[in-house]
Amino acid sequence: MRISLFHEPWWLSAATGGHFEEAVVKQGDDVVGRLPYVMQRRGPFYCVRMPPFTHMLGPAIEAGDGKPQTRLQRRISITRSLIDQLPRHSYFHQHLDPSLDDGLAVADGLAFQECKFEVTHQYNFEVDCRRSLTELSAGLHLKTRQHIRRAEKEYLVRSVDDPKSFIDFYLKNVHARGRRNRIDFEHFSALFAESRAHESGVILGAFDHTDAPVAMTYLVWGHGLMYYLLSTRSLDTADSGAVSLLIWCAMKKAHEMGLVLDLDGVYSSGSARFLSNFGGKMKTRFFIRRSRILYGAVQYIKRQVAPDESQFFT
């Protein structure tokens, strides 16, 4: 069964404090399909979601051997069986990686669509860091390369062993920007400890000459991919040089490990322009959603009267 890092039982357990569930399909004694999820209550509604810090999930399926058409139909059938096992809910939201199983996972979108779920796309960039460092450097935009070289003279990059220092720095930067934190850090320390125990994660920080942090990022990896999972930058940092430096350090680490670097989702044309400067290729993910009528109506009303989206039941 070809899975992602986020399907690993240890990841799911650490990210949720052990509070996750799975729909399972078996053939005899063999598990051929899994769909992990967390159930959350929002007011009177029950929502099926992904765990915190889990950027992609969806079905993990063993489609077996045979012709492509046979494997395709088997995967769709297993996915539909998993969907049928989901508990009653008012809202469903997960992100799927259609490149899993050599691209056969694209059929999962069809299975969800046939079951009346909404299937949309999110764009992201992947950098194949299995190439030489010379090729990776040449793939950088000229100005990005210049920013990195300047940042290398201004900042020192090192690993951060204390997860609390990352949390405090992240929250400080959110507060400085006058925003409300929407990240649930309850299980972050446990997740970081588990990722280190499995040699699957590191926090990198860029520090100035006074040893004050200017930017940090949490990197995780497994099953051929490294994920630029969560980053934060000081409001006092005048430019994005520190972030560019951290991405370059992530690229070099991914190169050492023979991995592809996933730069996470693109949420605006501005972030697309910035991330495209690192020489990656644009990929797509599936957003799978389904909202019941009453839940959707409540959400609509709240959008009309509440300026703060963090108050929504999403």
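What counts, and at which threshold
Residues numbered from 1 in each chain as written. Predicted model: local features only at pLDDT ≥ 70, side-chain atom pairs only at ≥ 80, totals over all residues. Heavy atoms only, no water. Core = buried A, V, L, I, M, F, W, Y, C linked by side-chain atoms within 4.5 Å. Buried < 20%, exposed > 50% of the residue type's maximum accessible area, 1.4 Å probe, protein only. Helix = DSSP H or I, 4+ residues; strand = E, 2+ residues; numbered from the N terminus. Contact = heavy atoms within 4.5 Å. Polar contact = N/O pair within 3.5 Å; in protein donor to acceptor, adjacent residues only side chain to side chain. Pairing = 2+ DSSP bridges. Phe/Tyr/Trp six-rings, centres within 6.5 Å; stacked < 30°, edge-to-face > 60°. Lys, Arg positive; Asp, Glu negative; His and termini not counted. Salt bridge = Lys/Arg side-chain N within 4 Å of Asp/Glu carboxyl O.

Draft legend 1. The arrangement of the nonpolar core in detail. By size, the foremost hydrophobic cluster in this structure holds 34 residues, and its most contacted members are Leu219, Met226, Ile247, Met251, Leu261 and Leu263. When residues of this core are traced back to their parent elements, those giving at least two are β6 (118–128), α5 (142–154), β8 (201–207), β9 (213–222), β10 (225–233), α8 (241–257), β11 (260–266) and α9 (269–276). Setting aside its immediate chain neighbours within four residues, Ile247 contacts Tyr228, Leu261, Leu263, Phe274, Leu275 and Phe278.

Draft legend 2. Geometry of the side chain of His55. With respect to the helices, strands and loops of the structure, His55 is situated in the loop between β3 (45–49) and β4 (60–61). A polar side-chain atom of His55 sits 2.9 Å from a polar atom in the side chain of Asp264. Ignoring sequence-local partners within four residues, the contact set of His55 consists of Phe6, Met50, His95, Leu229 and Asp264.

Draft legend 3. Expanded view of helix α1 (residues 9–16). Of all eight residues making up α1, six are buried, and the element is well covered by its neighbours. Trp10, Trp11, Leu12, Ala14, Ala15 and Thr16 are the residues of α1 that are buried. Along its buried surface, α1 packs onto β1 (21–27), β2 (30–42), α7 (188–197), β9 and β10. Two residues or fewer past α1, Gly17 is found with a positive phi of approximately 65 degrees.

Draft legend 4. Summary view of the pairing of β9. The element β9 is largely enclosed, with a buried count of nine among its 10 residues. Pairing of β8 with β9 involves seven bridges; the strand directions are antiparallel. Bridging from a neighbouring strand, Gly201 pairs with Val220 of β9. Between β8 and β9, which pair antiparallel in sequence order, lie five residues; one of them, Asp211, sits at a positive phi of approximately 70 degrees. Sheet topology places β9 next to β10; eight bridges connect them, and they run antiparallel. What sits directly across from Met216, in β10, is Thr232. Hairpin connection, β9 to β10: the antiparallel pair is bridged by two residues, and His223 has positive phi, about 55 degrees.

Draft legend 5. Looking closely at the packing of aromatic side chains. The final tally for this structure, using the stated rule, is 15 aromatic pairs. Where Phe192 meets Tyr218, the ring centres are 6.0 Å apart and the plane angle is 70 degrees; that geometry is what we call edge-to-face. Residue Phe192 is located in helix α7, and its partner Tyr218 is located in strand β9; the two are separated by 26 residues in the primary sequence. Taken as a pair, Phe192 and Tyr218 share a single burial class, namely buried.

Draft legend 6. Local environment of the side chain of Glu126. Within the fold, Glu126 resides in strand β6. Buried within the structure, Glu126 lacks any salt-bridge partner; its nearest side chain of opposite charge belongs to Lys283, at an N-O separation of 4.7 Å. The residues touching Glu126, leaving out its near neighbours within four places in the chain, are Leu225, Val260, Leu261, Asp262, Gly280, Lys281 and Lys283.

Draft legend 7. Inspection of unusual backbone geometry at higher detail. Phi at Asp101 takes a positive value of approximately 55 degrees, unusual for a residue other than glycine. Position of Asp101 among the secondary structure elements: in the loop between β5 (91–96) and α3 (106–114). Note on Asp101: relative accessible area 5%, which makes it buried. If you check the backbone angles, His223 has positive phi at about 55 degrees while not being a glycine. Its place among the elements puts His223 in the loop between β9 and β10.

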